[in-house]
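Structural overview
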Amino acid sequence: MDNKGNVFSRIIRREILADILYQDDLVTAFRDANPRTPVHILIVTNMIIPTVNNVTSENEIILGRLFTVAAKMAKKEKIDTLGYRLIVNCNQHGGQEIYHLHMHMLGGRPLGPMLVF
Ligand code: AMP
């Protein structure tokens, strides 16, 4: 799958505009363009890993970084104490739209039950 041109890769390379909050050698965090909650941040791997199904043990440091940056972002956005939800969608049933591994951080209000059917 050629993902070089996917929207997140282009944001990471600063080819298209996004509200980037954090970037290091492994991950980039920016605000979701269509926020579902007052705080809706995407934490994205800089390297293209299309889905969780493509994760290998070699990616463990990158995946750990997603969580350390999530903790950092939660503090920065002042949602750490009341809490938030982290979501990673995978493929069709998971509702994945962009095939570039990312974690959603959702918070800023009570989120209710985990899934609404
Ligand atoms: P997913 O369904 O897990 O693949 O989530 C993709 C997310 O990317 C959605 O919440 C979109 O609103 C968000 N998104 C798509 N394009 C952009 C963009 N250019 N900048 C920021 N967020 C985006």
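**A word on the overall build of the chain**
Secondary structure summary: the chain contains three helices and five strands in total. When the helices and strands of the chain are placed in sequence order, the string is α-β-β-β-α-β-α-β. Against the globule reference of 13 Å for 117 residues, the chain gives a C-alpha radius of gyration of 14 Å, in line with a compact fold. Taking the principal axes of the C-alpha coordinates as reference, the chain spans close to 40 × 30 × 30 Å. Residues counted as buried form 36% of the 117 residues belonging to the chain. Pairs at least 24 apart in sequence give 57% of the contacts found in the chain among residues at least 6 apart. Within the structure as shown, the chain displays about 7300 Å² of accessible surface, and the carbon and sulfur contribution to it stands at 56%. Positive and negative side-chain charges in the chain, numbering 13 and 11 respectively, have mean positions lying 6 Å apart.

**Describing the environment of Val44**
The residue Val44 is located in strand β3 (residues 39–45) in this model. Sequence separation between Val44 and Leu66 is 22 residues, and the spatial gap between their C-alpha atoms is 7.5 Å. Other than its neighbours up to four places away in sequence, Val44 contacts Phe8, Ile12, Leu26, Val27, Thr28, Phe30, Leu66, His100, Leu101 and His102.

**As for the site of the ligand**
Taken together, 17 residues lie near the ligand, and Asp32, Arg36, Glu97, His102 and His104 sit nearest. Residue Ala33 places a main-chain N or O atom 3.0 Å away from a nitrogen atom belonging to the ligand. Compared with its free state, where it exposes 500 Å², the ligand has 86% of that area covered by protein. For the shell around the ligand, the secondary-structure elements that each account for two or more residues are α1 (7–12), β2 (27–31) and β5 (102–107). In terms of residue count, α1 provides more of the shell around the ligand than any other element does, three residues in total.

**A look at the pairing of β5**
Within a regular beta strand, the side chains point alternately toward one face of the sheet and then the other, so they alternate between its two faces. Most of β5 is tucked away, with six of its six residues classed as buried. Of the two faces of β5, the one carrying His102, His104 and Leu106 and the one carrying Met103, Met105 and Gly107 are both buried. Bridge count between β3 and β5: six bridges; the pairing is antiparallel. The partner of Val39 across the bridge, within β5, is Gly107. In this sheet, β5 lies alongside strand β4 (residues 84–87) in antiparallel orientation, the contact comprising four bridges. Its bridge partner being in β5, Arg85 is matched across the sheet by Leu106.

**Things to note about a nonpolar patch on the surface**
A grouping of Phe67, Tyr84 and Leu86 is seen on the molecular surface, where their side chains present a nonpolar patch of about 270 Å² in accessible area. Within the element layout of this structure, Leu86 appears in strand β4.

**Concerning the nonpolar core**
Proteins that are soluble and globular tend to have nonpolar side chains buried together. Counting residues in each nonpolar core, the largest one holds 16 residues, and the members touching the most others are Val27, Ala29, Ile41, Ile43, Val69, Met73 and Met105. Mapped by element, the contributors of at least two residues to this core are β2, β3, α2 (60–76) and β5. When residues of this core are assigned to their parent elements, the largest contribution, six residues, is made by α2. Residues within four places of Val27 in sequence aside, it is in contact with Tyr22, Ile43, Val44, Thr45, Asn46, Ile62, Arg65, Leu66 and Val69.

Reading guide: rules and limits
- Residues numbered from 1 in each chain as written.
- Predicted model: local features only at pLDDT ≥ 70, side-chain atom pairs only at ≥ 80, totals over all residues.
- Heavy atoms only, no water.
- Helix = DSSP H or I, 4+ residues; strand = E, 2+ residues; numbered from the N terminus.
- Rg over C-alpha atoms; globule rule 2.2 N^0.38 Å.
- Buried < 20%, exposed > 50% of the residue type's maximum accessible area, 1.4 Å probe, protein only.
- Contact = heavy atoms within 4.5 Å.
- Areas by Shrake-Rupley, 256 points an atom, 1.4 Å probe, with all protein chains shown as cover.
- Lys, Arg positive; Asp, Glu negative; His and termini not counted.
- Charge placed at Lys NZ, Arg CZ, Asp CG, Glu CD.
- Near = heavy atom within 4 Å.
- Polar contact = N/O pair within 3.5 Å; in protein donor to acceptor, adjacent residues only side chain to side chain.
- Pairing = 2+ DSSP bridges.
- Patch = residues over 30% accessible without salt bridge, like charges linked within 9 Å, V, L, I, M, F, W, Y side chains within 5 Å.
- Salt bridge = Lys/Arg side-chain N within 4 Å of Asp/Glu carboxyl O.
- Core = buried A, V, L, I, M, F, W, Y, C linked by side-chain atoms within 4.5 Å.

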